[in-house]
Each structure stands twice: as structure tokens, then as C-alpha cells.
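Observations on the three-dimensional arrangement
Residues per chain, in single letters:
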Amino acid sequence: MGVAPNVIVVADPGALAETAAGLVVDAAAEAVRARGRFALVLAGGATPRATYARLAQAPFRDRVAWDRTWVFFGDERAVPPDHPESNHRMASEALLSRVPVPPAQVFRIRAEAEDTDAAAAEYARTLGEVLGCRRGELPRFDLVLLGLGVDGHTASLFPGSPVVREVFRPVAAVHAAAALIPERITLTLPVINAAARVVFLVAGAEKAKVVRAVLGEQATLPAAMVRPEGGGLVWLLDRAAAALLATPEAR
Ligand code: 6PG
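Below is a short write-up of the structure. (Residues numbered from 1 in each chain as written. Predicted model: local features only at pLDDT ≥ 70, side-chain atom pairs only at ≥ 80, totals over all residues. Heavy atoms only, no water.)

Structural notes on the site of the ligand
Near the ligand lie 15 residues; those nearest to it are Thr47, Arg77, His153, Ala155 and Lys207. Residue Ala155 places a main-chain N or O atom 2.7 Å away from an oxygen atom belonging to the ligand. A distance of 2.7 Å separates an oxygen atom of the ligand from a polar side-chain atom of Lys207. Considering the ligand on its own, with 420 Å² of exposed area, one finds that the protein chains cover 86% of that surface. Taken atom by atom, the bulk of the ligand overlaps the largest pocket. (Near = heavy atom within 4 Å. Polar contact = N/O pair within 3.5 Å; in protein donor to acceptor, adjacent residues only side chain to side chain. Areas by Shrake-Rupley, 256 points an atom, 1.4 Å probe, with all protein chains shown as cover. 1 Å grid on protein atoms, 1.4 Å probe; cavity = no way out; pocket = protein on both sides within 12 Å on 5 of 7 lines; lining within 4 Å. Sits in = over half its atoms within 2 Å of the grid points.)

Here's what the structure looks like:
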């Protein structure tokens, strides 16, 4: 068992967005101080939207060195960037169009490509080039934001998928039969676990059972396999999502 995750319980989705925005600001400040740049991976789905919107507002907006920030995505669905189900579109609407991050420092996953394996390999090459990796070295993000599906998936790492067992490639194309849009491209566990910090954003009563499973003994669920080597793992939950945990005291 690695370092125990830090579980933070807040009252509601609004408090979760506020707290998450603060965690992003803290991670950015530490990364820029230590490495001169902040490599941030954005989560998809619906939950993070409120966090991105809060981050785009004062005081958080003005506390991030956006000119020193490089933005990546944890996964993307096989849809064009203007599609309602696009994670890039959600992040652009809620955050990227509202802060002065240079567009050349935002790296979209081209999951709509005909050949998603080639697009995954292309994204992996981009990560290596932008983050200055030596050959065979894993890209090291400063902060990876993740969501949690009710089945225990995170990013597009779904239970039973062979990609969950990937040990070399940092990025992979997946076919997630259970997902609304099955064809996706996702970061893999090795590159997620190489990050300095990982923060899960989880809200809502429908997630309470899977939160208990992932934080309990079901270490085989993909989200439970997120164990950053440096130990920087935070589970940020609202009270409803934490309801089945032993001591869900809200902050
Ligand atoms: C995606 C996300 C996925 C998401 C979970 C939770 O592309 O859908 O990467 O892992 O975080 O499905 O989604 P909600 O926040 O919408 O519940």
C-alpha cells in the first residue's frame, strides 16, 4: 500500500470548486517556483466544469502564472473539438477562453482522428517534446485532475480494459464499450502515477458507493490504481459523495 491518500470532504459542489481552484493555484505556484513552468492535465466529464469556471474568476485567475502554464488533457472522446461531448470544448468554454494561457501552450488530443492509435502516439510524442523527456522517460506533470465514474473508471481507463494494464505507453487509444462515446484516447496509469500531484474531483450522491469501493478494498478498480509515486494524491469529495465513508466530516 502506498502513501495513504489525503481525503478532503467539503459541503457541496460549490465548495468543491472553490477548494479545487485553490489546489490548482497552490500546485501552479510550487511548480513555477521549482521548475519555472506548470504542466497541468485537465479532467473531462461534467464535474470539473464548476472548478474551471471558478479558476477563471478572481482571485484564483490572477494567482496563476498562465504564461508559464502548459495545459494537457487526461482523455478525449472521438468527437470534433466543437462537439457538445468534447472535453476540450468544455474546458475551453469554462476556463481556457477566459484566462490568458497562450493557445500554443494548450495541447488538445485529436481523438476524432481516423487512426486513433496514431493520434495517441502523436500525443505521446508531443508530451515528450513539450515536457523535455529523454528517450523512454515518462512525462512528469505537475498536477493531474481526474474525475471518477460510477463504475470506478477514471480518465478513459475503464474496468476490464487492457489499457489499465499498460506499463510503457503514456497515451493509448481505447474502445470503452460501456461509455456513451466508446472510442477515446486516454493517458495511462504509468504517466498519471509519474505526476507530482493528482487530485480527484468527485461530487454527488451517485458516486458515494464507488468512492467507498475505491478508497476501501477494491484496489482493482482503475481509479484505485492511481498512486502517484511522489505520494501527492488528494481525493476532494463533497459531503454527498463521501456519505458512505467512515468519517465524512465536511470542512
Ligand atoms: C470523461 C472523463 C471521465 C469522467 C468520469 C466522471 O471523459 O468522461 O475523463 O473519466 O471524469 O466519467 O464524469 P462526471 O464528472 O461527468 O461524473
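Read on, since the account is not over.
Observations concerning the sheet that holds strand β7 (residues 183-187)
Taken together, three strands build an open sheet; the order of strands is β4-β7-β6 and the sheet is antiparallel. Two strands bound the open sheet, and with one partner strand each, they are β4 (75-77) and β6 (171-175). Across the sheet, the mean angle separating the axes of adjacent strands is 20° when strand polarity is ignored. Both β4 and β7 contribute to a ladder of three bridges, which runs antiparallel. Directly across from Arg77, in β7, lies its bridge partner Arg184. Against the sheet, helix α4 (residues 116-130) makes contact with β6 and β7, and its axis sits at roughly 155° relative to β6, the strand it touches most. (Pairing = 2+ DSSP bridges. Helix = DSSP H or I, 4+ residues; strand = E, 2+ residues; numbered from the N terminus. Axes fitted to C-alpha atoms, helices over the stretch in contact; angles between N-to-C directions. Contact = heavy atoms within 4.5 Å.)

Concerning the sheet that holds strand β3 (residues 69-73)
The strands that make up a sheet pair up through hydrogen bonds in the backbone, lying either parallel or antiparallel. Pairing is parallel in the open sheet, where six strands are placed in the order β1-β9-β8-β5-β2-β3. With one partner strand each, in any of the chains shown, β1 (6-10) and β3 form the two edges of the open sheet. Recorded for the sheet is a direction-independent mean angle of 20° between the axes of neighbouring strands. For β1 and strand β9 (residues 233-238), the ladder comprises five bridges, and the chain directions are parallel. Among the inter-strand pairings, Val7 is bridged to a residue of β9, identified as Trp235. The strands that helix α3 (residues 87-96) touches are β2 (38-42) and β3; relative to β3, the one it contacts most, it runs at about 145°.

Details of the environment of Val164
Within the element layout of this structure, Val164 appears in the loop between β5 (143-146) and β6. Sequence separation between Val164 and Val211 is 47 residues, and the spatial gap between their C-alpha atoms is 19 Å. Contacts of Val164, omitting those with residues within four sequence positions, involve Leu157, Phe158, Leu189, Pro222 and Met225.

Details of the environment of Thr126
Note that Thr126 resides in helix α4. On the basis of relative accessibility, which here comes to 19%, the residue Thr126 falls in the buried class. As for Thr126 and Val211, which are separated by 85 residues in sequence, their C-alpha atoms are 33 Å apart. (Buried < 20%, exposed > 50% of the residue type's maximum accessible area, 1.4 Å probe, protein only.)

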